[in-house]
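Report on the structure
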Amino acid sequence: MGRTRRSVGSRRAAHRRNVELGLLALAVTVCLAGWCAANLALRGALPSGLLPYGAGLTALAAVLHLVVRRFAPYADPLILALAVLLTGFGLVLLDRLDYSYAIWHAAKGDWQKIPAAPSQVQWTVIAMLAAAVLLAVVKHHRLFQKYVYLIMAGALVLLAAPAFFPGDSFGAKRWIRLGGLSFEPDEFVKVAIAVFFAGYLTANRDALALTGRKVWGVNLPRGRNLGPVLAIWVISLLVLVFERDLGTSLIFFGVFVVMLYTATERTGWVLIGLLMAAAGASVVGDLEPHVHGRVEAWLHPLDYYKPVHNPALVSDQPAQAMFSLGSGQVLGTGLGQGKPFLIGFAGRSDFIFTTIGEELGLAGGMAVLLLYGLFVQRALRTAVAVTDPFGKLLATGLAAAVALQVFVVVGGVTGLIPLTGKALPFLAAGGSSLTANWLLTAVLIKLSDAAGRAELQPAPEPLDAARGRAFT
């Protein structure tokens, strides 16, 4: 009976991998079709590098598939395919934007004419190979639980490091620059804090779940347990003040509150978290000029076109984003047939979503958001299916990190919240962001493999029961 169940589980695992292979082929095909459509609109011909670049993306996807088949055979088949689709589509958008930026800025002679797609291709290779190495080296996700405090110490160092490096980039101190190289440590910190919070909350869940006073029908936690929350709140405010990084601060504190609620199931923590986030954001928004300028640009996006305005507080990018999204209407202008490059230097980073909204319309924008939603849903499904508390919280934290980052980027571009300057996961230009998100994907694949094993692979029978059957 046990052998039969194991064979059934192995067949189901092989079926998952075959489904993944088909989805990867579909993802690569969609990306190459989009690249061809954009080039036909822009240049009137198929892209010259279609075969080599298509073969390269196919090879990378195949390598990762083989690594998953070998080291995570029970993993969810959708996670890898969604990451490949979003990454490949991001390369299509960047190449399309490079063509327009090169023409638009050729006469100006500024740095915006430099293409971003070639660098992103290199980072794609690095990121996907790094994910493959992590899948092969980490045998089980519980390995991270042994080093939660070491991981968090490193994360805090990385989080604070940009404040000590000279120079701002567009108002924020988010980058570490060493010679000609630069990277954005907060992208890796979001993965590290999810690991730490999962370990910390697994060890301290009972104490944090204890009920204190009941106020207006809500069970609030005990005062003595507020210490960790206050510490995380202070750290997020320090990031906001010294690095002027609204996005990282929101993600950092938001992930903690989501994981805290998941661990304790107490709405009191959510209420306290929302009140503390609102209080901190309002105070810093009034006192810190850069954050205040982003709030003013959000509240009055069209003030840039007034005859008299303060250029330190008002930017044309929020208004240009509204024009771009509005001109796309429902179905868009078509890939390569819009003018999203008019938005300026941020068109290839956080404002890349406006290219989708303009050239693919509301339908295309919703499709991309549904892809992100499906990615988050598979992560949450993994959190439900995995058996150990640490794995459940880690999968929840990683899902929350992706969801919050998509929210703060798309919310800022569409005018729902102030701009944060974060990169849209997988799609936007940026090696740090792409590598961190592929490492996050690899951890999720490992978690889903553990969940799949618990679901499809039978547990070993008790020794006494097996002996009993042997003697009957």
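That block above? That's the structure.
About the criteria used
Residues numbered from 1 in each chain as written. Predicted model: local features only at pLDDT ≥ 70, side-chain atom pairs only at ≥ 80, totals over all residues. Heavy atoms only, no water. Helix = DSSP H or I, 4+ residues; strand = E, 2+ residues; numbered from the N terminus. Buried < 20%, exposed > 50% of the residue type's maximum accessible area, 1.4 Å probe, protein only. Contact = heavy atoms within 4.5 Å. Areas by Shrake-Rupley, 256 points an atom, 1.4 Å probe, with all protein chains shown as cover. Axes fitted to C-alpha atoms, helices over the stretch in contact; angles between N-to-C directions. Parallel < 35°, antiparallel > 145°, perpendicular 65-115°, else oblique. Nonpolar A, V, L, I, M, F, W, Y, C, P; charged D, E, K, R; others polar. Phe/Tyr/Trp six-rings, centres within 6.5 Å; stacked < 30°, edge-to-face > 60°. Salt bridge = Lys/Arg side-chain N within 4 Å of Asp/Glu carboxyl O. Core = buried A, V, L, I, M, F, W, Y, C linked by side-chain atoms within 4.5 Å. Polar contact = N/O pair within 3.5 Å; in protein donor to acceptor, adjacent residues only side chain to side chain.

Turning to the overall build of the protein, a few remarks are in order. When its secondary structure is counted, the protein shows 16 helices and four strands. Across the 472 residues of the protein, 50% fall into the buried class. Expressed as a percentage of contacts within the protein between residues at least 6 apart in sequence, the contacts between residues at least 24 apart total 74%. For the protein, the accessible surface area stands at approximately 21600 Å², while carbon and sulfur atoms represent 68% of it.

What follows concerns the packing of helix 2 (residues 50-71) against helix 4 (residues 117-137). Packing of helix 2 against helix 4 brings their axes to within 9 Å, and their N-to-C directions diverge by 10°. By the angle between their directions, the pair helix 2 and helix 4 is classed as roughly parallel. For the pair helix 2 and helix 4, the contacting residues are Tyr 53, Leu 60, Ala 61, Leu 64, Val 67, Val 68 and Phe 71 in the first and Val 121, Thr 124, Val 125, Met 128, Leu 129, Ala 131, Ala 132, Leu 135 and Ala 136 in the second. Here the residues of the contact of helix 2 with helix 4 sort into 15 nonpolar, one polar and no charged.

Turning to the packing of aromatic side chains, a few remarks are in order. A full pass over the atoms with the stated rule returns seven aromatic pairs. Look at Trp 35 and Tyr 53: their rings are 5.8 Å apart centre to centre, the planes differ by 90°, and that puts the pair in the edge-to-face class. Of this pair, Trp 35 sits in helix 1 (residues 2-42) while Tyr 53 sits in helix 2, placing them 18 residues apart in sequence. For Trp 35, a relative accessible area of 12% translates into the label buried.

Moving on: helix 12 (residues 352-359). Note that an α-helix has 3.6 residues per turn; residues three or four places apart therefore point the same way. Of all eight residues making up helix 12, eight are buried, and the element is well covered by its neighbours. All buried positions along helix 12 are accounted for by Ile 352, Phe 353, Thr 354, Thr 355, Ile 356, Gly 357, Glu 358 and Glu 359. In this fold, the buried residues of helix 12 make contact with helix 3 (77-104), helix 11 (317-328), helix 13 (361-385) and helix 14 (389-414). Phi turns positive one or two residues past the end of helix 12, at Gly 361, with a value near 75°.

For side chains bearing opposite charge, pairing can occur when the charged atoms are close. Tallying each qualifying case throughout the model produces ten salt bridges. A salt bridge links Glu 359 to Arg 96; the shortest N-O distance between them is 2.8 Å. Pair noted here: Glu 359 is in helix 12 and Arg 96 is in helix 3, with a separation of 263 residues, a long-range link. Summarising the burial analysis for this pair, Glu 359 and Arg 96 share the class buried. Through salt bridges that share partners, Glu 187, Lys 190 and Lys 422 make up one connected network.

Residues Val 84, Phe 197, Leu 394, Leu 398, Leu 424, Leu 427 and Trp 438 are the most contacted members of the largest nonpolar core, which totals 109 residues. In terms of residue count, helix 3 provides more of this core than any other element does, 15 residues in total. Residue contacts for Leu 398: discarding those within four places in its chain leaves Val 191, Ala 194, Leu 440, Val 443, Leu 444 and Leu 447.

On the secondary structure map, Arg 378 appears in helix 13. Residue Arg 378 is classed as buried on the basis of its relative accessible area, which comes to 15%. In terms of polar contacts, Arg 378 uses its side chain to reach the side chain of Asp 76, at 2.8 Å. When near neighbours in sequence (up to four residues on either side) are disregarded, Arg 378 contacts Asp 76, Leu 78 and Ile 79.

Residue placement: Phe 353 occurs in helix 12. Each C-alpha atom of the pair Phe 353 and Leu 424 lies 7.9 Å from the other, and the pair is 71 residues apart in sequence. Dropping the residues within four chain positions of it, Phe 353 is found in contact with Leu 325, Gly 365, Leu 369, Val 410, Thr 414 and Leu 424.

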